[in-house]
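Below are the chains, spelled out letter by letter.
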Amino acid sequence: MLSQFLNNTSDMSAEQKELTQTPLLKIWVPGMGSSLGQRRGSSRPQFTNCPTMIVMVGLPARGKTYISKKLTRYLNWIGVPTQVFNLGQYRREVVQTYKNYEFFRPDNEEAMKIRRAYASNALKDIANYFTKEQGQVAVFDSTNTTRERRGVILSFAKEKGYKVFFIESVCDDPEIIEANTTQVKLSSPDYENCDKEEALVDFLKRIDCYKMSYVPLDEEKDRHLSFIKIFNVGSRYLVNRVQDHIQSRIVYYLMNIHVTPRSIYLSRHGESELNLLGRIGGDTGLSSQGQKYAKALAEFIRGQSIKDLKVWTSHMKRTIQTAEALGVPYEQWKALNEIDAGVCEEMTYEEIQETHPEEFALRDQDKYRYRYPKGESYEDLVHRLEPVIMELERQENVLVICHQAVMRCLLAYFLDKNDLPYLKCPLHTVLKLTPLAYGCKVESFYLNIQAVNTHRDRPTNVNVARKPEEALQTVPEHL
Amino acid sequence: MRGASRSKNTQDLDKRVCMTNCPTLIVTVGLPARGKTYISKKLTRYLNWIDVPTKEFNVGQYRRECVKIYKSFEFFRPDNEEGLKIRKQCALAALNDVRQFLTDEGGQVAVFDATNTTRERRETIIRFAEQNGFKVFFVESVCEDPDVIAENIVQVKLGSPDYTHCNTEEAVADFMKRIKCYENSYQPLDEELDRDLSFIKIIDVGRRYLVNRVQDHIQSRIVYYLMNIHITPRSIYLCRHGESDLNIKGRIGGDSGLSARGKEFAKALGQFIQSQNIRDLKVWTSQMKRTIQTAEALGVQYEQWKALNEIDAGVCEELMYEEIQQRYPLEFALRDQDKYRYRYPKGESYEDLVQRLEPVIMELERQENVLVICHQAVMRCLLAYFLDKTAEELPYLKCTLHTVLKLTPMAYGCKVESVCLNVDAVNTHRDRPSNVDVSRLPEEALLTVPDHH
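Residues numbered from 1 in each chain as written. Chains lettered and ligands numbered in written order. Predicted model: local features only at pLDDT ≥ 70, side-chain atom pairs only at ≥ 80, totals over all residues. Heavy atoms only, no water.

## Here we look at helix H5 (residues 147–160) of chain A
Residue and element names in this part refer to chain A.
Okay, step 1: With 14 residues, H5 should cover 20 Å at 1.5 Å per step; its first-to-last C-alpha distance of 20 Å lies within 8% of that length.
Okay, step 2: Residues of H5 that are buried include every one of Arg150, Ile153, Phe156 and Ala157, and no others. Summarising the axial view, the buried residues of H5 lie within an arc of 120°, below the 170-degree limit, and thus occupy one face. Of the exposed residues in H5, the ones pointing more than 90 degrees away from its buried face are Glu148, Lys158 and Glu159.
Okay, step 3: For H5, the secondary structure elements touched by its buried residues are strand S4 (52–57), helix H4 (109–132), strand S6 (137–141) and strand S7 (163–170).
Okay, step 4: Looking one or two residues past H5, Gly161 carries a phi angle of roughly 80°, positive in sign. (Helix = DSSP H or I, 4+ residues; strand = E, 2+ residues; numbered from the N terminus. Expected span 1.5 Å × (residues − 1). Buried < 20%, exposed > 50% of the residue type's maximum accessible area, 1.4 Å probe, protein only. Arc of directions from axis to C-beta. Contact = heavy atoms within 4.5 Å.)

## Notes on a negative patch on the surface
Okay, step 1: On the surface, Asp145, Asp147, Glu151 and Asp204 of chain B cluster together to form a negatively charged patch.
Okay, step 2: According to the relative accessible area criterion, Asp147 of chain B is exposed, its value standing at 60%. (Patch = residues over 30% accessible without salt bridge, like charges linked within 9 Å, V, L, I, M, F, W, Y side chains within 5 Å. Areas by Shrake-Rupley, 256 points an atom, 1.4 Å probe, with all protein chains shown as cover. Salt bridge = Lys/Arg side-chain N within 4 Å of Asp/Glu carboxyl O. Lys, Arg positive; Asp, Glu negative; His and termini not counted. Charge placed at Lys NZ, Arg CZ, Asp CG, Glu CD.)

## Regarding the domain arrangement of chain A
A common way to state how big an interface is: give the accessible area lost once the parts meet.
Residues and elements named next belong to chain A.
Okay, step 1: Domain boundaries in chain A define domain 1 (52–255) and domain 2 (264–472).
Okay, step 2: Each of domain 1 and domain 2 has a C-alpha centre, and these two points are 37 Å apart.
Okay, step 3: Listed as interface residues are 14 residues of domain 1 and, on the opposing side, 15 residues of domain 2.
Okay, step 4: Taken together, both faces of the contact between domain 1 and domain 2 bury some 1,500 Å²; the carbon and sulfur share is 64%.
Okay, step 5: When the buried surface of domain 1 facing domain 2 is broken down by residue, Arg73, Trp77 and Val184 rank first, second and third, together holding 49% of it.
Okay, step 6: Where domain 1 meets domain 2, there are two salt bridges. (Domains from an automatic or database assignment. Buried area = accessible area lost by both parts, 1.4 Å probe.)

## Some details on the sheet that holds strand S12 (residues 331–332) of chain A
All names here are of chain A.
Okay, step 1: Taken in spatial order, the six strands line up as S12-S11-S13-S10-S14-S15 in an open sheet, and their pairing is mixed. On the outer flanks of this sheet lie S12 and strand S15 (439–446), each paired with one strand and no other.
Okay, step 2: As paired strands, strand S10 (residues 264–268) and strand S14 (residues 429–436) are joined by three bridges and run antiparallel to one another. Residue pairing in the sheet places Leu266 in a bridge with Leu431 of S14.
Okay, step 3: Contacting S10, strand S11 (310–313) and strand S13 (398–402), helix H14 (residues 378–394) crosses the sheet at an angle of about 175° to S11.
Okay, step 4: Taken strand by strand, helix H15 (residues 404–415) contacts S10, S13, S14 and S15, and its axis lies near 155° from that of S10. (Pairing = 2+ DSSP bridges. Axes fitted to C-alpha atoms, helices over the stretch in contact; angles between N-to-C directions.)

## Quick word on the interface of chain B and chain A
Okay, step 1: Contacts between the two partners involve 53 residues from chain B, matched on the other side by 52 residues from chain A.
Okay, step 2: Carbon and sulfur atoms make up 49% of the area that chain B and chain A hide from each other, which totals about 5,100 Å².
Okay, step 3: In this structure, the salt-bridge partner of Arg208 of chain B is Glu219 of chain A, at a minimum N-O distance of 2.8 Å.
Okay, step 4: Counting the contacts that link chain B with chain A gives 17 residue pairs in polar contact (both at pLDDT 80 or more).
Okay, step 5: If you list the elements that add at least two residues to the side of chain B that touches chain A, you get strand S6 (208–212), helix H7 (217–226), helix H9 (260–276), helix H10 (289–296), strand S9 (302–304) and helix H13 (350–366) of chain B.
Okay, step 6: At six residues, the largest contribution of residues to the side of chain B that touches chain A is made by H9 of chain B.
Okay, step 7: Residues that form the side of chain B that touches chain A fall into these classes: 17 nonpolar, 14 polar and 22 charged. (Polar contact = N/O pair within 3.5 Å; in protein donor to acceptor, adjacent residues only side chain to side chain. Nonpolar A, V, L, I, M, F, W, Y, C, P; charged D, E, K, R; others polar.)

## Side note on the UniProt feature "active site" (unreviewed entry) in chain B
Residues and elements named next belong to chain B.
Okay, step 1: The positions UniProt marks with the feature "active site" (unreviewed entry) are His241 and Glu310. In sequence the annotated residues extend across 70 residues, while in space they remain close, none of their C-alpha pairs exceeding 10.7 Å.
Okay, step 2: Along the chain, His241 falls in the loop between strand S7 (236–240) and helix H8 (245–248).
Okay, step 3: Those residues within four positions of His241 in sequence are excluded, and the remaining contacts are Asn247, Phe265, Arg290, Thr291, Thr294, Ile373, Cys374, His375 and Leu401.
Okay, step 4: Only 3.3 Å separates the side chain of His241 from the side chain of Arg290, close enough to count as a polar contact.
Okay, step 5: Tracing the chain through its elements places Glu310 in the loop between S9 and helix H11 (321–327).
Okay, step 6: Among the residues examined, Glu310 registers a relative accessible area of 13% and is labelled buried.
Okay, step 7: Ignoring anything within four residues of it in the chain, the contact list for Glu310 reads Met288, Arg290, Glu348, Arg356, His375, Gln376, Ala377 and Val378. (UniProt positions renumbered as here; feature names shortened; annotations may be inferred.)

Encoded structure:
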């Protein structure tokens, strides 16, 4: 850190450069047209200063893959490039057909050789992910049940300068293990050609192969390592030596997720007056169709017979009006407010094209990162929705009545989507999300109340020099 | 987020049913000099700042009120019948006040700060909580590092009212004997025996944590907070951007650049920071031009946080107070009536600001030496957190331009050093006028507006 003073003392007396605002992100940078990469300011707080390997530990059917996938989904959503490296998949590529549990016997020398080989390949791919693909976090999803195996990983990480954080899942509740086995193991490619009984017997023998040599992370012996031990799906946690911000966030996330069955209902407010006029943003009330929808939503919710449903809205009139029709208590979150379109608030797309044609084009070029002048970007939205996601993870049955851009962000989190700003979230449609196995089941309910379409696809020509007709090609109809 | 209102089950008087938002009793556990009071006070400060009405109840204080003069450690001997009687009475008196705070005074969290080292004492508290419909969450601090314990004793015990009449050596000797009195009967929270309780065990000042059965949102936030704080000595520097062009014109908000004097301040700030010789200093700014321009003059790396942006004044952005009075006299009066909760039309309130600054505070707790270059309203919120100011005081804290505040955690609080960098700037502080009535005259509304061009 001293070096930054030594190198820059000459700057102290130099002319202070003028700042300009980058067109897409609206970030202030010194000088004209300098790239974001050259500046001293970084536009997001640093989660960590070097790549991190998250290493799963635990017997089979302890939820390691479930945790790996969920954590990866969360980290990517908050903007930390993360990838899972599942050793079972490496095995399936090398050993094309799975015969039986004998492959995993600790005395099976030949199999051991093969297993060490593909484990080493996985590590190579991780290094590649960090150095060539700008990855920041790699989740190494495997049993890693021996101190020896963990030692290999630690040496590898030390040599490369990666941080290591272990996540161990310990579970001795036979019911949970059986539920896991039924939910995800029996449908695995390994057991495609078996009947359920055979598969279960083989899988239990597989677990036994690991049990003999399993050395759990130890409070004393492993006191220099960074790890979290999760007991019985979260009733207890042991956390050791959290090193940095990202590890702290990971621990917080893991401590908030649960596996109790539940459903999350996502819906937009009923059609609003500004919707009818094709205007974005604002804070208007419901149109008459919107009011019909609110009543229909109430009926739908009653029909679903949901246990202990929580209802959340934003602070904007249209979501609150919609919730009021349900006749139940609801909580208002300012964080659920629609994306702030800044100077474009309450404009039609035609007006935006007329008054801010360059902005309109930039938005089409990178809709996720584009920030409205004096407004927000989808990227900003995700950041402010993070506490909502965290609380959704803690809760059970919830109905979230929100807005188009907000609903896209939430949906992208649950469904791990890449095309977030273009996800279809039409008015008057409820999405019911139910966690299932490693993902999320989605059921879509259109409540049969007519509404305008507010979805604008990306037009073909996103060039700043395009003609107005090309820009407005995909604008949906309105009054 | 507005919480649902609490409902009370009046039928079952012995064991009230706990609704999700029922009050929480946090109970500290641990030998003397393990940081229980430090944690209690810090946690209370944090919870109040995020708008969860919290109060700490330190049994030691109740004891001092009861036994006017502290003689020696003998009071704490486990075979001192009279001592035990008094101590139990004090604990019960404190619990009574807890009940009043949580049931009658609208409190949501009470922190019961005492050693609570025996299972028997903890059972008493659990029963008390069950009778009143409170949830219980234990926070245990376990530490065997003699250096840490010695440092605790020096920092907070020697200055305690108990030892005003002793010299340092006598005090330390007595205090060590006091700890011994508790050691024999200490029953730490146990993974097995206490598996149905909700608790966090903090081991060696945060090296390791054991977390058991977190019941709800507030306990989850408490655990997250406790896992992010540390006691490594460090300083936090807070300052505003240099004077801006809009500042000079008496206009609020906006995204203008620095005035000539503002640029001078930026240079002076750079020199000041260098002279402080701060180890591994992190520099944070908002994403607004004026803070970034200020940071640029330092010539070091800095991080931009959108969360540090100034309060959004909505329709009043870039207006002068005179113009706000002219166009929105009602809004102007409402703001003076409750400046903390007042939200600008299409803008934000201080209350909203605190919510968006919470991740900044959390990261400040994790970090060590940090310089935060921000804005008036933002700086007031951050300062209120560190100096434990109420929602009423917060919007009127004085955060003048061209002045750096250096905050250094000390004992149970924070030492503040104010450094004015001797570069002139306008005053942007508007006090609450005497007449906040909607029907007031314009002159009365504009009475406290600071001078500008």
